[in-house]
Each structure stands twice: as C-alpha cells, then as structure tokens.
Amino acid sequence: MVYITSWDEFVERSAQLFRADPDSTRYVMKYRHCDGKLVLKVTDDKECLKFKTDQAQDAKKMEKLNNIFFTLMSRGPDADVSEVTGKEQTEAQPGKKGRGRKQ
Amino acid sequence: MVLLQPDPFLNELTSMFEHSTEKGTVWVTLKRSSLKSKVQRNKMAAAGEPLEYRCLIRATNGKKTISTSVGPKDHQRFQASYATILKAHMTSLKKRERKDKKKVAGADKKEGGSKKPKRA
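Residues numbered from 1 in each chain as written. Chains lettered and ligands numbered in written order. Predicted model: local features only at pLDDT ≥ 70, side-chain atom pairs only at ≥ 80, totals over all residues. Heavy atoms only, no water.

**Points about the pattern of salt bridges**
Residue and element names in this part refer to chain A. Tallied over the entire structure, the rule returns 11 salt bridges over all chains. As a salt-bridge pair, Arg13 and Glu9 come within 3.2 Å of each other at their nearest N and O atoms. With Arg13 and Glu9 both in helix α1 (residues 7-20) and four residues apart, the pair spans about one turn of that helix. Asp58 is the salt-bridge partner of Lys61, the closest N and O atoms lying 3.6 Å from each other. With Lys61 and Asp58 both in helix α2 (residues 56-75) and three residues apart, the pair spans about one turn of that helix. Taking the relative accessible area as the measure of exposure, Lys61 reaches 32% and is therefore partly exposed. One salt-bridge network, in which partners are shared between bridges, spans Glu9, Arg13 and Glu47. (Salt bridge = Lys/Arg side-chain N within 4 Å of Asp/Glu carboxyl O. Helix = DSSP H or I, 4+ residues; strand = E, 2+ residues; numbered from the N terminus. Buried < 20%, exposed > 50% of the residue type's maximum accessible area, 1.4 Å probe, protein only.)

Below you can see the structure in the form of structure tokens.
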C-alpha cells in the first residue's frame, strides 16, 4: 500500500487526484480506538494514497482535510477551497458581518 | 444499507463511535455522487440540464452501515457537526511530548502501552 509520510504531500496529491477524476475518487477514514490508530485513504480505483497516524495533532489536520473534501465534493471540483481556514468566505453569509444592516 | 437524513446520521455515527471504544473499527467514506443512474445522467447531459452533485457519506462499524447525502447548502453545517463528533471521540491518539516536559496529561483510557521515559 502506498503510505505517504508527509502530511502536506498527502493533501496535495489527494486534491490533485480528486480534481483529475471527481466521479470515482473517494476518501476513506478508518479509526480504531482500541489501537489508537487512524488511517486515511484516497483512491480513484487506479491509484491509492494512504496516510496512517497515531498522533492527536494529525486528527486536527485531518479535520481541515475533511473540510476541503466536503467542499470539493458537494460544490464541485472547481470550488474555491480556502485551504487555510477550511471555511469558505467567498460568499458564505454576508448578513453576519454587516453592522447596522437592519434599521 | 440505511440511508438517513444528515442529523439522524450524525446521531448514529456518534453511537457507533461510542460502541467501538473497547474493540472494533469505524470506517467513514466520503464520495461525490449525483445519486442518479448512468442512464438518467446521460439523459440529463443530453438535455442540457446541469447535474446536481451531492456528497455521499457512509459509515460502518463492520456490522452495520449507515449513509447520508449532503448537498452544497447543508454541507457546512454538517461538516461542523461532523468535526465536533470526531474531535470528541478520537481521544486515544497520542499527544506530542516535545514541548510538554512537565506533565503529559495523557492518562486517558488506554495510553499505558509503551511510552518512552522522559529524559531529564
């Protein structure tokens, strides 16, 4: 199995894989509490990338990756992914920041 | 395979995590899907209708499988709740000891194992 050691490389290549073939790429997460292990897999059935960890800090990074995938998958592969925050601020909810909008 | 609405799905997912703490695994799969068969898709493409894609999420503990599909409008809310659930349950992962030299509050459930002794 293709285990990738660098997190950034894993993210980079998974995003590439997804954009190349959004219809057949899937992202799988396996968690075993008794072993304290987390394994992530991204595959398009031709190529497979995996990442395994037992570190809590990687769980946080994984959450950001989850956000990226959610956005890409529900909005389409061309969606703008702000990879830093993981939340889209392009046109999310303009009403939130407006002060004194309601008069 | 049980197809649920996003909220019941999250509840079931939580209980799956809770039940598999002592032994067992939880798998979660994310995939993009339009939820339509190929024939329908071809028809829609021919008619010029834009395809609506959704994110299909599946979870299983090896015995039971549940799934839900999330569209672009509800995906942010779903991903926030999903992140919360994961954070709450992934407690058995190890914490980095690099900076914390005093006390690593890692006396969780199963952190015993083989921890390297701290170098004083």
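**Observations concerning helix α1 (residues 6-19) of chain B**
Under the 1.5 Å per step criterion, the end-to-end length of α1 of chain B is 20 Å for 14 residues, consistent within 8% with the ideal 20 Å. Within α1 of chain B, burial applies to Pro6, Phe9, Leu10, Leu13, Met16 and Phe17 of chain B. All buried residues of α1 of chain B fall inside an arc of 120° around its axis, so they share one side. Of the exposed residues in α1 of chain B, the ones pointing more than 90 degrees away from its buried face are Asn11 and His19 of chain B. Where the residues of α1 of chain B are buried, they touch β1 (26-32) of chain A together with β1 (2-4), β2 (26-33), β3 (54-60), β4 (65-70) and α3 (75-89) of chain B. (Expected span 1.5 Å × (residues − 1). Arc of directions from axis to C-beta. Contact = heavy atoms within 4.5 Å.)

**Comments concerning the interface of chain B and chain A**
Contacts between the two partners involve 39 residues from chain B, matched on the other side by 38 residues from chain A. In terms of surface lost to chain A, no three residues of chain B exceed Leu30, Arg32 and Leu93 of chain B, which account for 21% of the buried area on that side. Our count for the contact surface shared by chain B and chain A stands at three salt bridges. Lys87 of chain B is the partner of Glu63 of chain A in a salt bridge, and the nearest nitrogen-oxygen pair spans 3.6 Å. Counting the contacts that link chain B with chain A gives 12 residue pairs in polar contact (both at pLDDT 80 or more). (Buried area = accessible area lost by both parts, 1.4 Å probe. Polar contact = N/O pair within 3.5 Å; in protein donor to acceptor, adjacent residues only side chain to side chain.)

**Thoughts on the side chain of His75 of chain B**
Among the structural elements, His75 of chain B can be located in helix α3. Residue classification places His75 of chain B among the buried positions, given a relative accessible area of 0%. Every residue in contact with His75 of chain B, bar those within four places of it in the chain, is listed here: Phe70, Thr71, Ser74 and Arg75 of chain A together with Val70 of chain B.

**Section: the UniProt feature "domain: SRP9" (unreviewed entry) in chain A**
The positions UniProt marks with the feature "domain: SRP9" (unreviewed entry) are residues 5-66 of chain A. Across residues 5-66 of chain A one finds 40% helix and 32% strand; the C-alpha atoms that close the span lie 18 Å apart. (UniProt positions renumbered as here; feature names shortened; annotations may be inferred.)

**Looking at the packing of aromatic side chains**
Inspection of the entire model under this criterion finds 10 aromatic pairs over all chains. Here the aromatic rings of Phe18 of chain A and Phe69 of chain A are separated by 6.3 Å at their centres, their planes lie at 85°, and the arrangement is edge-to-face. Of this pair, Phe18 of chain A sits in helix α1 while Phe69 of chain A sits in helix α2; the two residues are 51 residues apart in sequence, bridging distant segments of the chain. When sorted by exposure, Phe18 of chain A lands in the same class as Phe69 of chain A, which is buried. Every member of this aromatic cluster is reached through a ring pair, and the members are Phe70 of chain A together with Phe9, Phe78 and Tyr82 of chain B. (Phe/Tyr/Trp six-rings, centres within 6.5 Å; stacked < 30°, edge-to-face > 60°.)

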